[in-house]
Amino acid sequence: MHALSTKPETTRGAQTESKVVSVDDESFDEILAAISCATARAILRSVAEDPRTASEIADSVGTSVQNASYHLSNLADAGLVRVCDNPVYSEKGCEMTLYRAVDTELRLKTT
């Protein structure tokens, strides 16, 4: 591995960010739209355990980087995915963005 290729250590299950969305919330429709596609759901599952770059996500779900980026943007807009604070660097020294899932619970019942 190149000296500039760095990826932060991750601890599974160490996510501190969590949210609950009920059917009455304004964001519920946006979340459903973002996860309506099987590719988007596969992307969400791929970043549930460990942060990944868009190219790693694309490889893991068998899609193009452009398609993965499109779905990542929708998932981020819906609040299901966020950009990690610590970027990683490629072997060429380019900064790459890491994405991770936000622990989200969808509730159909209103409380």
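See the structure shown above.
Residues numbered from 1 in each chain as written. Predicted model: local features only at pLDDT ≥ 70, side-chain atom pairs only at ≥ 80, totals over all residues. Heavy atoms only, no water.

**Student:** Report on the overall build of the protein chain, specifying residues and quantitative values.
**Tutor:** Per the secondary structure count, the protein chain includes 4 helices and 6 strands. Taken over 111 residues, the protein chain has a buried fraction of 28%. The long-range fraction of contacts in the protein chain, counting pairs at least 24 apart against all pairs at least 6 apart in sequence, stands at 64%. Accessible surface, the protein chain as shown: approximately 7,000 Å² in total, 48% of it carbon and sulfur. (Helix = DSSP H or I, 4+ residues; strand = E, 2+ residues; numbered from the N terminus. Buried < 20%, exposed > 50% of the residue type's maximum accessible area, 1.4 Å probe, protein only. Contact = heavy atoms within 4.5 Å. Areas by Shrake-Rupley, 256 points an atom, 1.4 Å probe, with all protein chains shown as cover.)

**Student:** Break down the environment of glutamate 105 for me, with residues and values.
**Tutor:** Structurally, the position occupied by glutamate 105 is in strand S6 (residues 103-107). The spacing of glutamate 105 and valine 20 is 85 residues in sequence and 4.7 Å in space, taken between C-alpha atoms.

**Student:** Go over the pattern of salt bridges with me, naming the residues and quoting the values.
**Tutor:** A full pass over the atoms with the stated rule returns 1 salt bridge. Between aspartate 85 and arginine 82 there is a salt bridge, with its nearest N and O atoms 3.3 Å apart. Residue classification places aspartate 85 among the exposed positions, given a relative accessible area of 65%. (Salt bridge = Lys/Arg side-chain N within 4 Å of Asp/Glu carboxyl O.)

**Student:** Before we move on, could you go through the nonpolar core and cite the residues and values that matter?
**Tutor:** Core analysis: the largest hydrophobic core is formed by 18 residues, its most contacted members being Ile57, Leu72, Leu75 and Tyr99. Secondary-structure elements contributing two or more residues to this core are helix H1 (27-34), helix H3 (54-61), helix H4 (65-77) and strand S5 (99-101). Leave out the neighbours within four places in its chain, and isoleucine 57 touches Ile43, Ser46, Val47, Arg52, Ala68, Leu72 and Tyr99. (Core = buried A, V, L, I, M, F, W, Y, C linked by side-chain atoms within 4.5 Å.)

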